[in-house]
Amino acid sequence: MASVTFDKATRLYPGGTRPAVDKLDLEINDGEFLVLVGPSGCGKSTSLRMLAGLEEVNEGNIFIGDRNVTDVPPKDRDIAMVFQNYALYPHMTVAENMGFALKIAGVGKEERAARVLEAAKLLDLEPYLSRKPKALSGGQRQRVAMGRAIVRQPQVFLMDEPLSNLDAKLRVQTRTQIASLQRRLGVTTVYVTHDQIEALTMGDRIAVLKDGVLQQVGTPRDLYEKPDNVFVAGFIGSPAMNLFHADLVEGGVKFGTATVPVDREILADTSSTIATIGVRPEDITVSPHEGEGLAVEVDLVEELGADGYLYGHSTVEGKRTDIVARVDGRLHPNAGETVYLTATPNHVHLFDAESGERLSDKAVAI
Ligand SMILES: Nc1ncnc2c1ncn2[C@@H]1O[C@H](COP(=O)(O)OP(=O)(O)OP(=O)(O)O)[C@@H](O)[C@H]1O
Ligand SMILES: [Mg+2]
């Protein structure tokens, strides 16, 4: 097992105008499950492929443990990769598929069989070892792909959207299985997904990328409670955090007719009179006092049993602004009504209106 270090690792594709991955600095601890997440095209696969040795590193270095692997061929890096299209060999049985890389590596028949059996037990694949892939369900095939990686006993697992071929229900089951399997094996894992829920549920830590640039690295809780900038704030969490411009006033920030108190130090830190305010749907409440807070016209309430989500709109700085608030699933306002919403003090995030950077740690008291 080993740690992984990206040291200002940069990839500029030939003919590209800006790097697909730009000076990536990231340290992944030994045994850690790190999730790389971000929208399509942000450089997740490129980062993973650089670590695998499948993509050239134009600047910077990559280390596995203390070893600089920047120029080491993929086969000598001691990693195993699970791809989105994990194409199994159709003419081989499950056991042969799982043992194939070992055979190529010259591992003897008996040891191969033992390692395949061990992995099959871990993955509940023992009953299927002599079947061909076409006689397996999607989830079972996905586990065979995992098995192929596990039998190699690598220092690092790399996984690039390994669940995207599965249907929604199977994805949820399989993500739990992968996360718990990784914890049992304790093998350092870099896992790529564009799905922030997968990232939040699976990762020890999450690294958020945008346009090839690392935005923030932290535990799921760090990212949820203290996003470093507007992008992370909007990307992590579902429904997304409400984000809009608001006036900074004496003692706080304007939220409709109400003022949400904000630490004086933050207000003193910024020369601006306007900020981007961020409030999660669960930190917004329907005000019991008519006229207090932000006037919102209700467009729709989505009932989800105990909870519901109120989708509405308001006018902020003359612009229509959509707002989402969590409400009681049974007792809630109805579409067409106008309600006043307030934000829970100490759960309001403030960002610089121009740069989008978090104004201070202290905006949210945890
Ligand atoms: N072989 C290539 N040649 C030129 N440009 C490439 C190549 N591969 C990827 N890119 C570009 O590099 C950027 C990052 O691509 P990458 O595949 O790393 O994104 P991603 O985050 O994995 O996206 P997705 O979620 O869609 O898989 C994109 O703008 C993409 O168009
Ligand atoms: Mg990709």
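Cut-offs applied
Residues numbered from 1 in each chain as written. Chains lettered and ligands numbered in written order. Predicted model: local features only at pLDDT ≥ 70, side-chain atom pairs only at ≥ 80, totals over all residues. Heavy atoms only, no water. Near = heavy atom within 4 Å. Polar contact = N/O pair within 3.5 Å; in protein donor to acceptor, adjacent residues only side chain to side chain. Areas by Shrake-Rupley, 256 points an atom, 1.4 Å probe, with all protein chains shown as cover. Nonpolar A, V, L, I, M, F, W, Y, C, P; charged D, E, K, R; others polar. Buried < 20%, exposed > 50% of the residue type's maximum accessible area, 1.4 Å probe, protein only. Helix = DSSP H or I, 4+ residues; strand = E, 2+ residues; numbered from the N terminus. Contact = heavy atoms within 4.5 Å. Axes fitted to C-alpha atoms, helices over the stretch in contact; angles between N-to-C directions. Left-handed = near helix turned anticlockwise from the far one by under 90°. Pairing = 2+ DSSP bridges. Lys, Arg positive; Asp, Glu negative; His and termini not counted. Salt bridge = Lys/Arg side-chain N within 4 Å of Asp/Glu carboxyl O.

As annotated in an unreviewed UniProt entry, the protein chain carries the name ABC transporter ATP-binding protein and is attributed to Agromyces bauzanensis.

To continue, consider the site of ligand 1. With respect to spatial proximity, the complete set of residues near ligand 1 consists of Tyr13, Ala20, Pro39, Ser40, Gly41, Cys42, Gly43, Lys44, Ser45, Thr46 and Glu161. A distance of 2.6 Å separates an oxygen atom of ligand 1 from a polar side-chain atom of serine 40. Contact distances for ligand 1 include 3.2 Å between an oxygen atom and a backbone N or O atom of cysteine 42. For ligand 1, the accessible surface in isolation is 640 Å², of which the surrounding protein chains cover 55%. For the shell around ligand 1, the residue count by class is four nonpolar, five polar and two charged.

Turning our eyes to something else, we now look at helix H2 (residues 94–104). Regarding H2, the residues found buried are Val94, Asn97, Met98, Gly99 and Leu102. Those residues of H2 that are buried are in contact with helix H3 (109–122) and helix H4 (138–150). Remark: glycine 106 follows H2 within two positions and exhibits a positive phi of approximately 85°.

With that settled, consider the packing of H2 against H4. Contact pair H2 / H4: the axes reach a minimum separation of 7 Å and the direction vectors enclose 35°. Two packed elements cross with a definite hand, and for H2 against H4 that hand is right-handed. Residues Val94, Asn97 and Met98 of H2 pack against Val144, Gly147 and Arg148 of H4. Looking at the contact of H2 with H4, its residues break down into three nonpolar, two polar and one charged.

With mixed pairing, the six strands of this open sheet are ordered in space as S6-S7-S8-S3-S9-S10. Two strands bound the open sheet, and with one partner strand each, they are strand S6 (79–82) and strand S10 (213–218). Sheet twist, expressed as the mean angle between neighbouring strand axes with direction ignored, is 15°. Relative to strand S8 (residues 188–193), strand S7 (residues 156–160) runs parallel, the two being bridged by five bridges. Bridging from a neighbouring strand, leucine 158 pairs with valine 190 of S8. The strands touched by H4 within the sheet are S6 and S7, with S6 carrying the most contacts at an inclination of about 170°. On top of the sheet, helix H5 (residues 168–185) reaches strand S3 (33–37), S7 and S8; it is set at about 140° to S3, its chief contact.

Right, let's get into the side chain of glutamate 161. In this structure, glutamate 161 sits in the loop between S7 and H5. Although glutamate 161 is buried, it makes no salt bridge; lysine 44 carries the closest opposite charge, 4.6 Å away. Here histidine 194 takes part through its side chain, which lies 2.9 Å from a polar atom of the side chain of glutamate 161. Look past the residues within four positions of glutamate 161 in its chain and what remains in contact with it is Lys44, Gln84, Val192, Thr193 and His194.

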